[in-house]
Amino acid sequence: MPGPVTGGCLCGAVRFSFPGEPLARRACWCRVCQYLAAGNASVNTVFRKDGFECTGAVSAYESMADSGNRMRRSFCPACGTPLFSESSARPDLMVVRAGALDDRELGRPQGFIWTASAPAWGFVDTNLDNCEGQPGPLRR
């Protein structure tokens, strides 16, 4: 089995690891992710929470997502780096912002979601598996 997947925030106050590889890698064009990604799609990796370890304090913001699910978005309180999202609909999974991973190559999207919310100039790779809104549950 490959080693753990690790990452952290810009200032180094938060470090995290997952024992396994991501279950999915997606770029999200929902309106909330556009706020988080400075107007672009956010690039995210999805992991099982089992075995997740985190050192350092994180702050969180909770809100209702376009999907209708309650979302908890965590970030470093010192430098503001967006780190994780957790959905009330999928409590066993954690979404990690690809930019927070030590190995950024793990963030290469397998598809784009919420493409109907993308601005006219927004990039969507039509050769990938894309979804106009909220995708269905991950196949495990």
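Residues numbered from 1 in each chain as written. Predicted model: local features only at pLDDT ≥ 70, side-chain atom pairs only at ≥ 80, totals over all residues. Heavy atoms only, no water.

Undergrad: Describe in detail the nonpolar core, supporting the description with residues and values.
TA: Where a protein is soluble and globular, its nonpolar side chains tend to be buried together. One finds F16, F18, F47, L83, F84, V96 and L101 to be the most contacted residues of the largest nonpolar core, which totals 14 residues. When residues of this core are traced back to their parent elements, those giving at least two are strand 2 (15–18), strand 8 (82–87) and strand 9 (93–97). The residues touching V96, leaving out its near neighbours within four places in the chain, are F16, F18, V43, N44, T45, F47, L83, F84 and L101. Within the second largest apolar cluster, five residues are counted, among which are C30, C33, I113 and W114. (Core = buried A, V, L, I, M, F, W, Y, C linked by side-chain atoms within 4.5 Å. Buried < 20%, exposed > 50% of the residue type's maximum accessible area, 1.4 Å probe, protein only. Helix = DSSP H or I, 4+ residues; strand = E, 2+ residues; numbered from the N terminus. Contact = heavy atoms within 4.5 Å.)

Undergrad: Which residues make up the sheet that holds strand 2, and what values do they have?
TA: Across the sheet, which stays open at both edges, the three strands sit in the order 1-2-5 with antiparallel pairing between neighbours. The open sheet terminates on both sides in strands that have one partner only, identified here as strand 1 (5–8) and strand 5 (53–55). Between one strand and the next, the sheet's axes are offset by a mean angle of 15°, whatever the strand orientation. Inspection of the sheet shows strand 2 paired to strand 5 by three bridges, in the antiparallel sense. Within strand 5, the position partnered with S17 by the bridge is E53. (Pairing = 2+ DSSP bridges. Axes fitted to C-alpha atoms, helices over the stretch in contact; angles between N-to-C directions.)

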